Amino acid sequence: MKIVQKGVSYLSGTKYNPSEKIWSGPKSKTVYNSEMTVGEAIVLQLRKTPEKVIQILESTGETLTAQQFLDHSMSLAKNLLEMGIKGGDIVGGYAKNSLHLGTVMLASFLCGTPVHGIFQNFEKDIIAKTYATTRPKLIFCDAENYDKAFYVLEKLQLDAKIIIMTGHVPGVLNIKDLVKIRFDVGDISEFPCTDMNSSDTAVILSSSGTTGAPKGILCSHHAMLHNVPYPNATMNSVLMCSSSMYWATGAIHLVQGLLYSAQRIIPDQPYSDEYFLRTIERYKVTHCFATASQIIGWVTNINHDDIRKYLRSIDTLMTGGSPVPKPVQEQITDILSDNKKRPGYVMIYGSSEIFIGCSINGGYPYESKTDTVGKLWHNREVCIVGENGVRVGPNEKGEIYVHTPYTWMGYYKNEKATSEAKEDKWIKTGDLGYFDEEGFLHLIGRAKEIIKWLSFQISPQSVEEILQRLPGIAEVCVFGVPDIASINLVACAIVRSQDVEGDQLTAAMVNDYLMSKMDGLYVLRGGIYFMDSLPRTDTGKVQRLRMVQYIEEEIDR
């Protein structure tokens, strides 16, 4: 069987090698050499466009030109080095989006001190547990979280300083004092990054935490420089993402904006659908990332004509991290369909370990196909490995293994987890899927999430895709309920839509609809539970494996 690559080959596509049973995306050459680091590449770019406004803080309208951003970052880097910070030290980031969060990141690139970002709403014991391994020498946090950060220092007995990003704490270092422009910062050759190379660690990201405690993912300069999410972005593009530096999406949007001298809008107010969409409209954002739950909220709660107006400037709206229900995909695609010669709505599938995309599914210039996660990104290789550990061919299901030429050093101080996630050159995704004869990748679900009932294996996503089309369902999660006789019983949790159909929806209607579409194997023997919301990780992924515990907690209240 020969799979023919179509479309714009340098963006996405799939070729199949039947003798090795390996699928590969388009090949592209390396832009940066093996000695280049992210900090050096950004400095080289920003110096070319000194007067260009590259950042706007939404709440105040404060702007930074490329030169101002560079001056603040190099001044901060110089101050950090004078404080005794050395290349290889870890920096903690426990802060929301703000004027100088990007400044901290560039300073860390220059100093060779990877930032380990933590979600700004984490409680103090979770922060302490996370930083017990990386033990940062500095923690950047907001004044509202100072007490939690101080608790972490005491509990872990860290010899570290706290620097306040927003607000003020008497007697504590403030970012405003450290970014004041100095004229003795010297040339970039004086910073530790020039003694590093592209395989060194640029940032430490966190795994999703859907199947256990988050792990620190070592992301190299090599990977960050060669995996920008928007290949069609230019210096004239306007980028926006609500993610902080806890997420890979936050880090890569920052890096792409700086590498292109593009303008970044920093939405620093608490998220709401209206706020986010109005910000897109106000600043004429062209390239934007939104989570699945955010997009579901838009099309469920806001008039579609209004959404169309808000998103009129959008060239590319990208989402990833968790699946978007097919009806929602169809609606947002239609909303963005006015201009057929731009990507519009694009879904990306990948992981932080490969930073970040494996395949892409969307409109022009990408190919798209319903019920798939698209075709492979450039310089990706994938094989599908069956239960017996042997690679399988088209339309055969198994675990998805990915290889990229970009360095991945594994999980921070976790050799066991690193060895379990790798096999030779391949990174095991833990996801199940298959390629069809056209080269599109189909995602079935997480290997650990497959529901075993008697001698059958049931993919929860396949049931969800059917139920999601029933009027009255806004969100649905299918999961297994442990059972002595059957191993598991299939159950589902449903969030009703906020309309007449949602008000009238009953468990009997759900079961009847499912049985009209699927056979008796998929009967919801474990029950149907109506809920106000689904439990999610801080990256927005539904915690399927926690659903039984979550329902029990709700019942006990």
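Since the model is a prediction, treat every value here as computed from it, not as a measurement. (Residues numbered from 1 in each chain as written. Predicted model: local features only at pLDDT ≥ 70, side-chain atom pairs only at ≥ 80, totals over all residues. Heavy atoms only, no water.)

(A) Summary view of the packing of aromatic side chains. Enumeration according to the criterion identifies 12 aromatic pairs in this entry. Taken together, a centroid distance of 5.7 Å and an interplanar angle of 80° make the contact between Phe119 and Phe122 edge-to-face. In this structure Phe122 comes out as buried when scored by relative accessible area, which is 8%. Cluster of aromatic residues (ring-pair linked, three or more members): Phe119, Phe122, Tyr246 and Trp247. Here the basic side chain of Lys375 rests over the ring of Phe440, its NZ or CZ set 4.9 Å away from the ring centre. Of note, Arg496 hangs over the ring of Phe530, and the distance from its end group to the ring centre comes to 3.7 Å. (Phe/Tyr/Trp six-rings, centres within 6.5 Å; stacked < 30°, edge-to-face > 60°. Buried < 20%, exposed > 50% of the residue type's maximum accessible area, 1.4 Å probe, protein only. Lys NZ or Arg CZ within 6 Å of the ring centre and 35° of its normal.)

(B) Just the nonpolar core, in detail. By size, the foremost hydrophobic cluster in this structure holds 80 residues, and its most contacted members are Leu46, Phe109, Leu110, Phe140, Met224 and Phe355. Per element, the largest residue contribution to this core is eight residues, and it comes from helix 3 (residues 101-111). Ile56, Ala290, Ile296 and Trp298 belong to the second-largest nonpolar core, a separate cluster that totals 29 residues. (Core = buried A, V, L, I, M, F, W, Y, C linked by side-chain atoms within 4.5 Å. Helix = DSSP H or I, 4+ residues; strand = E, 2+ residues; numbered from the N terminus.)

(C) Representation of the sheet that holds strand 29 (residues 487-496) in the model. Strands sit in the order 28-29-30 across an open sheet of three strands; the sheet is mixed. Whereas interior strands pair on both sides, the edge strands pair on one side only; in this sheet they are strand 28 (473-483) and strand 30 (527-530). On average, each strand axis in the sheet is tilted by 25° relative to the strand beside it, whichever way the strands run. Here 10 bridges tie strand 28 to strand 29, and the two strands are oriented antiparallel to one another. Residue pairing in the sheet places Pro482 in a bridge with Asn488 of strand 29. Sitting on the sheet, helix 14 (residues 460-467) touches strand 28 and strand 29, and the angle it makes with strand 28 is about 145°. (Pairing = 2+ DSSP bridges. Axes fitted to C-alpha atoms, helices over the stretch in contact; angles between N-to-C directions. Contact = heavy atoms within 4.5 Å.)

(D) Layout of the pattern of salt bridges. On inspection of all chains with the given rule, the structure shows 24 salt bridges. With a closest N to O distance of 3.6 Å, Lys137 and Asp89 form a salt bridge. With Lys137 in the loop between helix 4 (124-134) and strand 7 (138-141) and Asp89 in the loop between helix 2 (66-82) and strand 5 (91-94), this pair connects stretches of sequence that are 48 residues apart. On the accessibility criterion, Lys137 (34% relative accessible area) is partly exposed. Residue classification places Asp89 among the buried residues on the basis of a relative accessible area of 10%. Notably, a salt bridge pairs Lys416 with Glu420, separated by 2.6 Å at the nearest N-O pair. (Salt bridge = Lys/Arg side-chain N within 4 Å of Asp/Glu carboxyl O.)

(E) Representation of unusual backbone geometry. A cis geometry characterises the amide bond from Phe355 onward to Ile356, with omega recorded as -10°. Within the secondary structure, Ile356 sits in the loop between strand 16 (344-350) and strand 17 (357-362). Although it is not a glycine, Gln157 adopts a positive phi angle of roughly 50°. Turning to its location among the elements, Gln157 is positioned in the loop between helix 5 (146-156) and strand 8 (161-164). The phi dihedral of Ser261 falls on the positive side, at around 55°, and the residue is not glycine. Here Ser261 is to be found in the loop between helix 8 (248-260) and strand 13 (263-266).

(F) View of the environment of Asp334. Tracing the backbone shows Asp334 in helix 12 (residues 326-335). Expressed as a C-alpha distance, the spacing of Asp334 and Ile217, which sit 117 residues apart in the sequence, is 36 Å.

(G) Summary view of the packing of helix 4 against helix 5. Following both chains from N to C, one finds helix 4 and helix 5 inclined at 50°, their axes separated by 9 Å at the closest point. One element, helix 4, and the other, helix 5, form an angle in the oblique class. As helix 4 runs across helix 5, the sense of the crossing is right-handed. Only Lys148, Tyr151, Val152, Lys155 and Leu156 of helix 5 make contact with helix 4, whose side of the interface consists of Lys124, Asp125, Ile127, Ala128, Tyr131 and Ala132. (Parallel < 35°, antiparallel > 145°, perpendicular 65-115°, else oblique. Left-handed = near helix turned anticlockwise from the far one by under 90°.)

(H) Expanded view of the environment of Leu46. As for its position among the elements, Leu46 is in helix 1 (residues 38-46). Given a relative accessible area of 0%, Leu46 falls into the buried group. Distance from Leu46 to Phe69, taken between C-alpha atoms, is 8.5 Å for residues 23 residues apart in sequence. For Leu46, the residues in contact, after removing those within four places along its chain, are Ile54, Ala66, Phe69, Leu70, Leu106, Leu258 and Ser261.

(I) Summary view of the side chain of His287. Here His287 is to be found in strand 14 (residues 287-289). Within the structure, His287 has its side chain in polar contact with the side chain of Asn232 (distance 3.3 Å). Residue contacts for His287: discarding those within four places in its chain leaves Tyr230, Asn232, Ala233, Ser237, Val238, Leu239, Met240, Asp315 and Thr316. (Polar contact = N/O pair within 3.5 Å; in protein donor to acceptor, adjacent residues only side chain to side chain.)

(J) Structural detail: helix 10 (residues 292-301). In terms of burial, helix 10 is a largely internal element, seven of the 10 residues being buried. The secondary structure elements touched by the buried residues of helix 10 are helix 9 (273-283), helix 11 (304-310), strand 15 (316-320), helix 12, strand 16 and strand 28.

(K) Here's a closer look at the environment of Ile90. Along the polypeptide, Ile90 turns up in the loop between helix 2 and strand 5. Owing to a relative accessible area of 7%, Ile90 belongs among the buried residues under this scheme. Ile90 sits 45 residues away from Arg135 along the chain, and the two C-alpha atoms are 7.0 Å apart. For Ile90, the residues in contact, after removing those within four places along its chain, are Pro114, His116, Thr134, Pro136, Lys137, Leu138, Ile204 and Tyr412.

(L) Just the pairing of strand 24 (residues 426-435), in detail. For strand 24, the buried fraction is high: nine of the 10 residues fall into the buried class. Pairing of strand 21 (residues 398-403) with strand 24, which is carried by four bridges, proceeds in the antiparallel orientation. Across the sheet, the residue bridging to Gly398 is Gly433, located in strand 24. In this antiparallel pair of consecutive strands, strand 23 (residues 422-423) and strand 24, the connection spans two residues, and Asp424 shows a positive phi of 60°. Pairing between strand 24 and strand 25 (residues 441-446): five bridges, direction antiparallel. Residue Gly433 lies in a different strand from strand 25, and its bridge partner there is Leu443.

(M) A look at the confidence of the model for the protein. Confidence in the prediction of the protein, expressed as mean pLDDT, is 90, and 95% of residues score 70 or more. Taken together, the stretch residues 1-9 has pLDDT below 50 and engages in 26 contacts with residues farther than four places along the chain or on a different chain. (pLDDT = per-residue confidence, 0-100.)

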